[in-house]
Amino acid sequence: MLDALRQPLETGETIIARANHRIHYPSRIQLIAAMNPCRCGGGTGSTCKRGARCAAEYQARISGPLLDRIDLQIEVPAVSAADLLLPPPSEGSAEVGAWVARARALQQARFEALGAKGLRTNADCTGRLLEDIARPDAEGAELLRRAAESLQLTARGFHRTMRVARTLADLDGSEAVARVHIAEALSYRGETLRQQHAHAA
Ligand SMILES: [Zn+2]
């Protein structure tokens, strides 16, 4: 079931092929998913009575190709009672919403200036145009090149990292995609999950 999401995540459409028919359904989605670190639902490693293997086996049930299509992967530590007593964050949803709206307006203006019809956000942008608008500066390009080798990024992962870095630069109000944007984008590619995946396989 989960792996059937790979096509709509990649192309924004679902194709159902039968003997004489082929139907395309529009399927542009934003996938938000959560999982426990292991089947016990507890923490990883030391806090799980079954040990690290429990987490490795459980996380390996998500296929590598599906993980490769999830741009932002974040490990969330368990919430303690002390955390619950903390004051609310100073930046609320309204502030963050305005920040995101500014970045989206920037993207829309860029695509309009380039005459790219039908594109509104970086998420819509692929191929040559993405390489043009998301090309990092020299330091960023060097980091991306080295990370692609050491993390064994797929071509898809490489382009997805560039796209996320472009968006991080837009959130910064920066026209250049710098090393810091590439580094942050790489940090969301879920290296821990993938290593455990490789370990269990
Ligand atoms: Zn466990």
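Each chain carries its own residue numbering, running from 1 in the written order of its sequence. Thresholds applied to this predicted model are a pLDDT of at least 70 for local features of residues and 80 or more for the giving and counting of side-chain atom pairs; totals over whole chains, interfaces and linings are not thresholded and use all residues.

Draft legend 1. Representation of the overall build of the chain within the structure. Numbering of helices and strands starts at the N terminus; helices are DSSP runs of H or I of at least 4 residues and strands are runs of E of at least 2. Across its full length, the chain carries 10 helices and two strands. Mapped in sequence order, the helices and strands of the chain form the string α-β-β-α-α-α-α-α-α-α-α-α. If you line up the chain on its principal axes, its C-alpha atoms span 55 × 55 × 35 Å. Counting other C-beta atoms within 10 Å of each residue's C-beta, where C-beta atoms are placed from the backbone, gives the exposure class: buried for 20 or more, exposed for 12 or fewer, partly exposed between. For the chain, with 201 residues in total, the buried portion stands at 18%. Note that contacts rest on C-beta atoms placed from the backbone: two residues are in contact if these are within 7 Å. Long-range pairs, those at least 24 residues apart, make up 57% of the contacts in the chain between residues at least 6 apart in sequence.

Draft legend 2. Just the pairing of strand β1 (residues 13–17), in detail. Burial analysis of β1 places just zero of its five residues in the buried class, a small minority of the element. Any two strands with at least two DSSP-identified bridges between them are counted as paired. Bridge analysis of β1 against strand β2 (residues 22–26) gives five bridges, and the strand direction is antiparallel. Its bridge partner being in β2, Ala17 is matched across the sheet by Arg22. The antiparallel pairing of β1 with β2 creates a hairpin that spans four residues between the two strands.

Draft legend 3. Region of the structure containing helix α2 (residues 52–59). When α2 is considered as a whole, its buried residues turn out to be Ala55, Tyr58 and Gln59. Summarising the axial view, the buried residues of α2 lie within an arc of 90°, below the 170-degree limit, and thus occupy one face. Taken from the helix axis, the directions to the C-beta atoms give the arc we talk about.

Draft legend 4. Region of the structure containing the domain arrangement of the chain. In this document the domain limits rely on a domain assignment from an automatic tool or a database. By domain assignment, the chain separates into domain 1 (2–70) and domain 2 (106–192). Centre-to-centre, using C-alpha coordinates, domain 1 lies 23 Å away from domain 2.

Draft legend 5. Highlighting the packing of helix α5 (residues 93–113) against helix α8 (residues 155–172). Running from N to C, α5 and α8 cross one another at 115°; their axes reach a closest spacing of 8 Å. The angle between α5 and α8 falls in the class roughly perpendicular. Between α5 and α8 the crossing geometry is right-handed. Residue-level contacts link Trp99, Ala103, Leu106 and Gln107 of α5 to Thr167, Asp170 and Leu171 of α8. In the contact of α5 with α8, the residues fall into four nonpolar, two polar and one charged. Here the axes come from fitting lines to C-alpha atoms, over the contacting stretch only for helices, and the angles between their N-to-C directions go from 0 to 180 degrees. Roughly parallel here means an angle under 35 degrees, roughly antiparallel means over 145, roughly perpendicular means 65 to 115, and every remaining angle is called oblique. Should the near helix be turned anticlockwise from the far one by less than a right angle, the crossing is termed left-handed; should it be turned clockwise, right-handed. Gly is placed with the polar residues, together with every amino acid not listed as nonpolar (Ala, Val, Leu, Ile, Met, Phe, Trp, Tyr, Cys and Pro) or charged (Asp, Glu, Lys and Arg).

Draft legend 6. Quick look at the nonpolar core. Counting 13 residues, the largest nonpolar core has Ala134, Ala165, Leu168, Val177, Ile182 and Ala185 as the members making the most contacts within it. Of all the secondary structure elements, the ones that give two or more residues to this core are α7 (138–150), α8 and α9 (179–187). Counting residues per element, this core draws most heavily on α8, at five residues. Note on definitions: a nonpolar core is a set of buried residues drawn from Ala, Val, Leu, Ile, Met, Phe, Trp, Tyr and Cys, linked by C-beta atoms within 7 Å.

Draft legend 7. Structural context of the packing of α8 against α9. One can describe the packing of α8 onto α9 by two numbers: an axis separation of 8 Å at closest approach and a directional angle of 125°. Judged by the angle between their axes, α8 and α9 are oblique. Taken as a pair, α8 and α9 cross one another with a handedness that is right-handed. Of the residues in α9, those in contact with Thr161, Val164, Ala165, Leu168 and Ala169 of α8 are His181, Ile182, Glu184, Ala185 and Leu186. When its residues are assigned to classes, the contact of α8 with α9 shows seven nonpolar, two polar and one charged.

Draft legend 8. Layout of the confidence of the model for the chain. Per-residue confidence from the predictor is reported as pLDDT, a score between 0 and 100. Predicted confidence across the chain gives a mean pLDDT of 88, with 92% of residues reaching 70 or more. Model confidence for the chain, summarised as mean pLDDT per element, is weakest for helix α10 (residues 191–200) at 55 and strongest for α8 at 96.

Draft legend 9. Summary view of the environment of Ala34. The residue Ala34 is located in the loop between β2 and α2 in this model. Residues Ala34 and Gln73, spaced 39 residues apart in sequence, show a C-alpha to C-alpha distance of 9.6 Å.

Draft legend 10. Just the environment of Ser90, in detail. Structurally, Ser90 is set in the loop between α4 (81–84) and α5. Counting along the chain gives 49 residues from Ser90 to Gly41, while the straight-line C-alpha distance between them is 31 Å.

Draft legend 11. Main features of α5. Helix span is expected to be 1.5 Å times the residue number reduced by one. For α5, with 21 residues, the first-to-last C-alpha span of 30 Å sits near the 30 Å given by 1.5 Å per residue. Sparse coverage of α5 is indicated by the burial of two of its 21 residues. Directly beyond the C-terminal end of α5, a positive phi value near 70° is found at Gly115.

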